[in-house]
Amino acid sequence: MAEQRAVQHLVFAHRGASQQYAEHTRAAFLQALAEGAHGIECDVHMTEDLQLVCIHDSTLDRTSSGTGDVADHTLRELDFASWKGANVPPQYGGIADQLLSLEDLLDLLRRDGRELELAIELKHPSPFGLRLEERLIAFLMREGYDPVTSRLANLHISFMSFNPDSVRHLLERVPADVVCQLVADVQPEDVRETLGPLTAAAVMNLLRRALHEGERIIASGAVGIAGPGIEYVRAHPERVTGWLAAGLRVRVWTVDTDDDVDFLRDLGVQEITTNRPARVLRRLGGEPDSGRL
């Protein structure tokens, strides 16, 4: 079981302070640190030149000036900040500085100097398959990652995925107590809107199988962290309290309202991922604190 820590809750900044600045940008991550977040959550994909970059979607269209698949580009020429419409302070860099590789993010967090949590989500499906996991672990090892303690300098690193194959692969390489199986209820209407009825039916079956397998992985105690979405927790509170009673840590995403913070605190959830770290820290009633639970 993970070591006990000095504060009651951990607050992770979801893709940085992404309510205020464009997600996964230098500005969003620096703002999250300024607000006193205990940890940073980021997603990683690989680019055409096999670089690990901080971006959520497998495509560029929603959050950049580009279009097409992340895996088919090198990305450095693109604008990842202007779509948000927020003015980035000069101290947070210019537009060309906002896209971060994982190496850039590590440098930023190490320079902060505080004890910080870093939660890395591996995004699937990926055209690189489980090479994504291999590339990530090899990169971290070169940077000085200790796979026994899951530490790198001032950072305590955990790994997350919705994909059960990814989780099982990670469990062979890093401590189980820093592996988080993500789960979310599958919403048919969302899939149909995106893909159409015929393709959606096949995708729904795959998503349901992945969800049930992820739930089995959590229930078996194979991982140390369960990662449900807030809607999942509200739909299945007894299941979540069972995970807590079994000694699992529970890291819930994405929690931006006072009601949801209160609900999770009362339930006994230890870790909250939010787009609004300062607001959640205030609601939890404590001063921002860099210590670990």
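Because the structure is a prediction, the values reported are computed rather than measured.

### Examining the side chain of R251
Inference 1: Along the polypeptide, R251 turns up in strand β9 (residues 249–252).
Inference 2: Engagement of the side chain of R251 in a polar contact is seen with the side chain of E271, the distance being 2.6 Å.
Inference 3: In this structure R251 touches F12, A119, S158, M160, I225, A226, G227, P228, E271 and T273, once residues within four positions along its chain are discounted.

### Focus on the environment of R114
Inference 1: Relative to the helices and strands, R114 is located in the loop between α2 (102–112) and β4 (116–122).
Inference 2: The spacing of R114 and L33 is 81 residues in sequence and 9.5 Å in space, taken between C-alpha atoms.

### Examining the packing of α2 against helix α3 (residues 131–143)
Inference 1: Two numbers describe how α2 lies on α3: the axes approach to 12 Å, and their chain directions differ by 40°. Between α2 and α3, the angle falls in the class oblique. In the packing of α2 onto α3, the handedness of the crossing is right-handed. Listed contacts from α3 to L102, E103, L106 and R110 of α2 are L136, F139, L140 and E143.

### Some details on the packing of aromatic side chains
Inference 1: All told, the structure shown has 4 aromatic pairs when counted by the stated rule.
Inference 2: Geometrically, the ring pair formed by Y21 and Y92 is edge-to-face, given 5.8 Å between the ring centres and 85° between the ring planes. One end of the pair, Y21, is in the loop between β1 (10–14) and α1 (26–34); the other, Y92, is in the loop between β3 (52–54) and α2, and 71 residues separate them in sequence. Taken individually, Y21 and Y92 each receive the classification buried, so the pair is uniform in this respect.
Inference 3: Geometrically, the ring pair formed by F162 and W253 is edge-to-face, given 5.7 Å between the ring centres and 85° between the ring planes. With F162 in the loop between β6 (155–161) and α4 (164–171) and W253 in the loop between β9 and α9 (258–267), the pair connects residues that are 91 residues apart, well separated along the chain.

### As for the pattern of salt bridges
Inference 1: Per the stated rule, a full pass over the model turns up 23 salt bridges.
Inference 2: Residue D107 pairs with R110 through a salt bridge whose shortest N-O separation is 2.8 Å. Here D107 pairs with R110, and both are found in helix α2, just 3 residues apart, close to one helical turn.
Inference 3: For R110, a relative accessible area of 23% puts it in the partly exposed group.
Inference 4: Salt bridges linked by common partners bring R15, E23, D43, D57, R62, E121 and K123 together as one network.

### A few points about the nonpolar core
Inference 1: By size, the foremost hydrophobic cluster in this structure holds 67 residues, and its most contacted members are L102, L105, L118, L140 and F159.
Inference 2: Excluding its chain neighbours within four sequence positions, the residues that come into contact with L140 are L106, I120, Y145, L152, I157 and F159.
Inference 3: One finds L60, L75, F80 and L99 within the second-largest nonpolar core, a separate group that totals 8 residues.

### Considerations on α2
Inference 1: Looking at α2, one finds that the buried residues are L102, L105, L106, L108 and L109. Take α2 and look down its axis: the buried residues cluster within an arc of 160°, on one side only.
Inference 2: G113 lies just past α2 and shows a positive phi near 85°.

### Quick notes on the environment of L155
Inference 1: Structurally, the position occupied by L155 is in strand β6.
Inference 2: Between the alpha carbons of L155 and P127 there is a distance of 29 Å; along the sequence they are 28 residues apart.
Inference 3: With near-sequence residues (within four places) excluded, L155 lies in contact with L106, L109, R110, L116, L118 and S150.

### Some remarks on the confidence of the model for the protein
Inference 1: Residues with a pLDDT of 70 or more make up 90% of the protein, whose mean pLDDT is 91.
Inference 2: For the stretch residues 287–293, pLDDT sits under 50, and the model shows 30 contacts to residues farther than four places along the chain or on other chains.

Rules of the game
- Residues numbered from 1 in each chain as written.
- Predicted model: local features only at pLDDT ≥ 70, side-chain atom pairs only at ≥ 80, totals over all residues.
- Heavy atoms only, no water.
- Helix = DSSP H or I, 4+ residues; strand = E, 2+ residues; numbered from the N terminus.
- Polar contact = N/O pair within 3.5 Å; in protein donor to acceptor, adjacent residues only side chain to side chain.
- Contact = heavy atoms within 4.5 Å.
- Axes fitted to C-alpha atoms, helices over the stretch in contact; angles between N-to-C directions.
- Parallel < 35°, antiparallel > 145°, perpendicular 65-115°, else oblique.
- Left-handed = near helix turned anticlockwise from the far one by under 90°.
- Phe/Tyr/Trp six-rings, centres within 6.5 Å; stacked < 30°, edge-to-face > 60°.
- Buried < 20%, exposed > 50% of the residue type's maximum accessible area, 1.4 Å probe, protein only.
- Salt bridge = Lys/Arg side-chain N within 4 Å of Asp/Glu carboxyl O.
- Core = buried A, V, L, I, M, F, W, Y, C linked by side-chain atoms within 4.5 Å.
- Arc of directions from axis to C-beta.
- pLDDT = per-residue confidence, 0-100.

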